[in-house]
Amino acid sequence: MDAFVTASPAPGLFPARGLLVAAARSGSGKTTVALALLRALRRRGLAVAGAKCGPDYIDPAFHAAATGRPSYNLDSFAMDGALLDAVAGRAGEAAELLVAEGSMGLFDGVVAEEGRSGANADIAARYGWPVVLVLDVSGAAQSAAATALGVRAYDPRLTLAGVILNKVASPRHRRLVEAGLARIGVAVLGAVPREAALILPERHLGLIQAGETEDLDARLDRLADLAEASIDLDAVVAVAGGRVPSAEAGRLPPPPGQCLAVARDAAFSFVYPHLEAGWRAAGAEIVPFSPLADEAPPAGCDACWLPGGYPELHAGRIAAASRFLEGLRAFAASRPVHGECGGYMVLGESLEDAEGTTHRMAGLLPVATSYARRRLHLGYRIATLLGEGSLGTAGQSLVGHEFHYASELTPPPGPDEALAEVTDAEGRPLGPAGHRRGRVSGSFFHLVGLR
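The model shown is predicted, which means the values in this text are computed figures rather than measured ones. (Residues numbered from 1 in each chain as written. Predicted model: local features only at pLDDT ≥ 70, side-chain atom pairs only at ≥ 80, totals over all residues. Heavy atoms only, no water.)

Asker: Summarise the sheet that holds strand 2 (residues 17-23); cite the residues concerned and give the values.
Answerer: A sheet is described by the order of its strands in space; here seven strands give the open sequence 4-3-5-2-6-7-8, paired in parallel fashion. On the outer flanks of this sheet lie strand 4 (72-74) and strand 8 (188-193), each paired with one strand and no other. Strand-to-strand twist of the sheet, defined as the mean angle between neighbouring strand axes without regard to direction, takes the value 25°. Here strand 2 runs beside strand 5 (residues 97-101); their pairing, made up of five bridges, is parallel. The residue of strand 5 that forms the bridge with R17 is L97. Across the sheet, helix 6 (residues 171-184) is in contact with strand 6 (131-136), strand 7 (160-168) and strand 8; its angle to strand 7 comes to roughly 155°. (Pairing = 2+ DSSP bridges. Helix = DSSP H or I, 4+ residues; strand = E, 2+ residues; numbered from the N terminus. Axes fitted to C-alpha atoms, helices over the stretch in contact; angles between N-to-C directions. Contact = heavy atoms within 4.5 Å.)

Structure below.
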């Protein structure tokens, strides 16, 4: 994995336009509005695709369900320009409009050079995508315009195309908010009433996964109905602009093998879509299997990948899945196995669930983890590999992201067994991370790209 592969685009149209749905802070309703727009525009017959700014495993699956097209992550810190262009090109391939959903606040990122902060604003600036600001107006009226004014003035690289008001309490409330926005010349593209807000179910890492959400299509159609009633869809489409690169313009990460057994079920689902796209572009075959169904990694594969997910919610079932665990151990005796976050926990000796019950895991790595002893671990990770394995050779530098609440109960690994030496996004040392033993490796950080 010390080189990238060139993406091969499928035939079709590349979109001439895009837009970014963003907000000044988290919790403003970006996901609700983005999904409502995506589903409504698709229902109108527009070839619309979604993308997610930043390291998020869950929202792209909802975008895909809303549009019927793959959705990818765009990350200006963890992806260099070539990878970012390749992923953006894949995201908009054969679509007319690409709607990117921001994460956190529009300008929130790490301290870094301009264009490489990981903030949503970097993506909009790179591709010239106008910003549609979701403005939570609960508890404010004309003063909401000050937030929009600050957003418009903060970064001269960006174009604020308009706002969609969220949590509007009444027609009078809307008139007051619009009066403030008219004063500064910002267009109102829609107003979502407070009582009409549809809340998607959540758990500790964000939304319940798309595949687990009951009546997902019905929920998405209700969101589309909300968009039709509350948002000027024609105006939203009209303000889109900028460019989306061709998928052939960049490079995607290569696979760790040519026939990959990838765990895929409710406990193992957090794989960045651009990784699988890169694997397929290099000619690799991806063979899914389900540990929760007690399936072993298929014997014909030459590498195994255990993604992150929610193994802490299914620890008892995993511990009882003897065919899976025995098959995984047998596979690891002759072929490489890598686990990310939840997959790393399953490769370890044991996993303590939220109730404090300890469950035996695969025992392939010398680590014990606990979800009962919760502590937030969040942020970008720059990792230098200490040995050869699924992620590359010793000395290879990777960029990833960590987001979990689990703790390691065992001592930190030494240099002979650690996967990598790790720093945060600003270069502060975090010490050794992850483990490697024989052909098996794992860590809590999720790979995004190479550095």
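Anyway, onward from the coordinates.
Asker: I'd love a proper account of the side chain of K30, names of residues and values included.
Answerer: In this structure, K30 sits in helix 1 (residues 30-43). Despite its burial, K30 remains without a salt bridge, the nearest opposite charge being carried by E101 at 5.8 Å. With sequence-adjacent residues up to four places away left out, K30 is seen in contact with V21, A22, A23, R25, E101, G102, S103, M104 and V134. (Buried < 20%, exposed > 50% of the residue type's maximum accessible area, 1.4 Å probe, protein only. Lys, Arg positive; Asp, Glu negative; His and termini not counted. Salt bridge = Lys/Arg side-chain N within 4 Å of Asp/Glu carboxyl O.)

Asker: Which residues make up the packing of helix 5 (residues 144-154) against helix 6, and what are the values?
Answerer: Taken N-terminus to C-terminus, the directions of helix 5 and helix 6 make an angle of 35°; their axes are 8 Å apart at the nearest point. You can see that helix 5 and helix 6 cross each other, and the crossing is right-handed. On the side of helix 5, the interface is formed by A144, A145, A148, L149 and R152, while helix 6 contributes V177, G180, L181 and I184. Its residues assigned to classes, the contact of helix 5 with helix 6 shows seven nonpolar, one polar and one charged. (Left-handed = near helix turned anticlockwise from the far one by under 90°. Nonpolar A, V, L, I, M, F, W, Y, C, P; charged D, E, K, R; others polar.)

Asker: Hey, could you go over the nonpolar core for me, with residue numbers and the actual values?
Answerer: The biggest cluster of nonpolar side chains holds 106 residues, and the ones touching the most others in it are L165 and L181. A total of seven residues in this core trace back to one element, the largest contributor, which is helix 1. Discounting chain neighbours no more than four positions away, the residues touching L165 are L135, V137, V177, E178, L181, V188, G190, A191 and V192. One finds C259, A261, L365 and F444 within the second-largest nonpolar core, a separate group that totals 34 residues. (Core = buried A, V, L, I, M, F, W, Y, C linked by side-chain atoms within 4.5 Å.)

Asker: Please set out unusual backbone geometry residue by residue, giving values where relevant.
Answerer: Of note in this structure, A94 is not a glycine but carries a positive phi near 65°. Topologically, A94 is positioned in the loop between helix 3 (81-91) and strand 5. The residue C341 is not glycine, and still its phi comes out positive at about 55°. Relative to the assigned elements, C341 resides in the loop between strand 15 (337-340) and helix 12 (342-347). With a relative accessible area of 8%, C341 lands in the buried category.

Asker: With reference to specific residues and values, describe the packing of helix 1 against helix 2 (residues 59-67).
Answerer: Relative to each other, helix 1 and helix 2 sit at 25°, their axes nearing to 8 Å. The pairing of helix 1 with helix 2 is recorded here as roughly parallel in orientation. Helix 1 and helix 2 meet at a crossing whose hand is right-handed. Residue-level inspection shows T31, L35, L38, R39 and R42 of helix 1 in contact with helix 2, the latter providing D59, F62, H63, A65, A66 and T67. Of the residues assigned to the contact of helix 1 with helix 2, the class counts are five nonpolar, three polar and three charged. (Parallel < 35°, antiparallel > 145°, perpendicular 65-115°, else oblique.)

Asker: Report on helix 9 (residues 273-281), specifying residues and quantitative values.
Answerer: Along helix 9, the residues classified as buried are H274, L275, E276, A277, G278 and W279. G283 lies just past helix 9 and shows a positive phi near 90°.

Asker: Summarise the sheet that holds strand 24 (residues 435-437); cite the residues concerned and give the values.
Answerer: Ordered by their spatial adjacency, six strands build an open sheet running 13-12-14-15-25-24, and the pairing between neighbours is mixed. For this open sheet the edge positions go to strand 13 (285-289) and strand 24, each flanked by a neighbour on one side alone. Here the average twist between neighbouring strands, direction ignored, is 15°. Helix-sheet contacts for helix 11 (residues 322-332) involve strand 13, strand 14 (303-306), strand 15 and strand 25 (440-443), and the interaxial angle to strand 14 is about 135°.

Asker: Which residues make up the packing of aromatic side chains, and what values do they have?
Answerer: Each aromatic ring pair is summarised here by two numbers: the centre-to-centre distance and the angle between the ring planes. Summed over the entire model, instances satisfying the criterion amount to ten aromatic pairs. Look at Y344 and F444: their rings are 5.1 Å apart centre to centre, the planes differ by 90°, and that puts the pair in the edge-to-face class. In this pair, Y344 is assigned in helix 12 and F444 in the loop between strand 25 and strand 26 (446-450), connecting sequence segments 100 residues apart. An aromatic cluster is built from Y57, F270, Y272 and Y310, whose rings are joined through pairwise contacts. Over the face of the ring belonging to F331 we find R335, whose NZ or CZ atom lies 3.9 Å from the ring centre. Here the guanidinium or amino end of R374 rests over the ring plane of Y405, the centre of that ring lying 4.5 Å away. (Phe/Tyr/Trp six-rings, centres within 6.5 Å; stacked < 30°, edge-to-face > 60°. Lys NZ or Arg CZ within 6 Å of the ring centre and 35° of its normal.)

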